[in-house]
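Spelled out, the chains give:
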Amino acid sequence: MAINENRIPFDVRDYSHSSHDEFDIDEFQFTESEHKYLPNFVDMGDAYIHVEVLNAISMMTLTLTLEGACHLKDEHDGSIIEYELEDSVDVIIAPESEEDNDIEPDEDGVYDLRGSILALLFDAIPKNYSETPLESYQKDNYTVMSQEEYMASKSHAPSAFDDLDLDDYPDQED
């Protein structure tokens, strides 16, 4: 199996002599196929990925933190907008125990953080996003409306549970 040329390598040997270390992932770029999952993504802007390494002898915990703002294309009017990012994920690397590993090493013994970083980015960056206010409009069999309009209509819609009285159910907690 060939080693991915776009990998983001993490060699545990470089971090085995300290119990705590930190570094940043500089200049992350999506490949063309990865970018297809986030078609409105423009660039990373000032967003960065920080990695904190905690070494506990037989196991390492890597905390990948995404902070800053990326640039997205507004889904409705095509303008470029700044979108704040803040998310994190923990990755466990246990070289002596394959069952405890969140990721497996490549054939050269180096771990590729790209998959974990992609999971972090795909979770934090929306596929569709717009800041353009829209007015709802009715078609023959559906209505198009903004998220805010939908939430407002949902909160005022009658519910089958509206007539229930919590005093009738003393065993239930809030």
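The numbers attached to residues start from 1 for each chain and follow its sequence in the written order. Local features are withheld for residues below a pLDDT of 70 in this predicted model, meaning they are given only at 70 or higher, and side-chain atom pairs are given and counted only at 80 or more; totals for whole chains, interfaces and linings count all residues. In computing side-chain values, all of the structure's heavy atoms are included and hydrogens and water are not.

## Overview of the overall build of the chain
Phase 1 of the analysis: Regarding its fold elements, the chain presents 3 helices and 9 strands.
Phase 2 of the analysis: Numbered from the N terminus, helices here are DSSP runs of H or I no shorter than four residues, and strands are runs of E no shorter than two. Ordered by position from N to C terminus, the α and β elements of the chain give β-β-α-β-β-β-β-β-α-β-β-α.
Phase 3 of the analysis: Using C-alpha atoms as the atom set, the radius of gyration is obtained and then compared with a globule rule of 2.2 Å times the number of residues to the power 0.38. Expected size for 174 residues packed as a compact globule is a radius of gyration near 16 Å; at 23 Å, the chain overshoots this value by more than 25%.
Phase 4 of the analysis: Overall, the C-alpha framework of the chain stretches about 60 × 50 × 30 Å when taken along its three principal axes.
Phase 5 of the analysis: For the chain, contacts bridging at least 24 residues in sequence account for 62% of all contacts bridging at least 6.
Phase 6 of the analysis: For the area figures, the Shrake-Rupley method with a 1.4 Å probe applies, and any residue is considered shielded solely by the protein chains shown. If you sum the accessible surface of the chain, you get close to 12200 Å²; carbon and sulfur atoms cover 47% of it.
Phase 7 of the analysis: In this tally, Lys and Arg are treated as positive and Asp and Glu as negative; His is ignored, and so are the chain termini. Note on charges: their place is set at NZ of Lys, CZ of Arg, CG of Asp or CD of Glu. Here the chain contributes 8 positive and 46 negative side-chain charges, whose respective centroids are spaced 13 Å apart. Here a residue-residue contact requires only that any non-hydrogen atoms of the pair lie within 4.5 Å.

## Quick notes on helix 2 (residues 114-124)
Phase 1 of the analysis: Burial classes follow relative accessibility: with a 1.4 Å probe on protein chains only, a residue under 20% of its type's maximum area counts as buried, one over 50% as exposed, and anything between as partly exposed. Within helix 2, the full set of buried residues consists of Arg114, Ser116, Ile117, Leu118, Leu120, Leu121 and Ala124.
Phase 2 of the analysis: The secondary structure elements touched by the buried residues of helix 2 are strand 2 (20-25), helix 1 (32-35), strand 4 (48-55), strand 5 (60-73), strand 6 (80-93) and strand 7 (111-112).

## A closer look at the packing of aromatic side chains
For any pair of aromatic rings, the description consists of the separation of the ring centres together with the inter-plane angle of the planes.
Phase 1 of the analysis: In this scheme Phe, Tyr and Trp rings, the latter by its six-membered ring, pair at centre separations within 6.5 Å, and the angle between planes marks the pair as stacked below 30 degrees, edge-to-face above 60, and tilted otherwise. Scanning the entire structure with this criterion turns up 8 aromatic pairs.
Phase 2 of the analysis: Between Phe28 and Phe30, the aromatic rings sit 5.4 Å apart at their centres with planes inclined by 85°, giving edge-to-face as the arrangement. Both residues of the pair, Phe28 and Phe30, belong to the buried class.
Phase 3 of the analysis: Ring centres 5.9 Å apart and planes at 5° place the aromatic pair Phe30 and Phe122 in the stacked group. With a gap of 92 residues between them, Phe30 in the loop between strand 2 and helix 1 and Phe122 in helix 2 connect regions that are remote in the sequence.
Phase 4 of the analysis: Cluster of aromatic residues (ring-pair linked, three or more members): Phe28, Phe30, Tyr37, Phe41 and Phe122.

## Some details on the pairing of strand 6
Along any regular strand, the residues point their side chains to alternate faces of the sheet.
Phase 1 of the analysis: For two strands to be treated as a pair, DSSP must find at least two bridges joining them. Summarising the sheet, strand 5 and strand 6 pair through 14 bridges and their orientation is antiparallel. Counted as the bridge partner of Thr65 is Ser88 from strand 6.
Phase 2 of the analysis: In this antiparallel pair of consecutive strands, strand 5 and strand 6, the connection spans 6 residues, and Gly78 shows a positive phi of 80°.

## Focus on a nonpolar patch on the surface
Phase 1 of the analysis: On the surface, Met145, Tyr150 and Met151 cluster together into a nonpolar patch covering about 280 Å² of accessible area.
Phase 2 of the analysis: Looking at the secondary structure, you find Met151 in helix 3 (residues 147-156).
Phase 3 of the analysis: Residue classification places Met151 among the partly exposed positions, given a relative accessible area of 41%. Like charges are joined within 9 Å and nonpolar side chains (Val, Leu, Ile, Met, Phe, Trp, Tyr) within 5 Å, but only among residues with over 30% relative accessible area and no salt bridge; these make up the patches. When a carboxyl oxygen of Asp or Glu is within 4 Å of a side-chain nitrogen of Lys or Arg, the pair counts as a salt bridge.

## A closer look at the pattern of salt bridges
Phase 1 of the analysis: Considering all chains together, one arrives at 4 salt bridges under this definition.
Phase 2 of the analysis: The residue Asp106 makes a salt bridge to Arg7 at a minimum N-O spacing of 2.7 Å. Linking Asp106 in the loop between strand 6 and strand 7 with Arg7 in the segment before strand 1 (9-10), this pair joins segments that are 99 residues apart in sequence. When sorted by exposure, Asp106 lands in the same class as Arg7, which is buried.
Phase 3 of the analysis: Where Arg114 meets Glu34, a salt bridge forms, and the shortest distance between an N and an O atom there is 2.8 Å. Placement of Arg114 in helix 2 and of Glu34 in helix 1 is noted, with a sequence separation of 80 residues between them. Taken as a pair, Arg114 and Glu34 share a single burial class, namely buried.
Phase 4 of the analysis: Three or more residues joined by partner-sharing salt bridges are found here, namely Arg7, Asp106 and Asp108.

## Details of unusual backbone geometry
Phase 1 of the analysis: Even without being a glycine, Glu27 presents a positive backbone phi close to 55°.
Phase 2 of the analysis: Topologically, Glu27 is positioned in the loop between strand 2 and helix 1.

Spatial relationships are all this shows, so hold off on functional conclusions.
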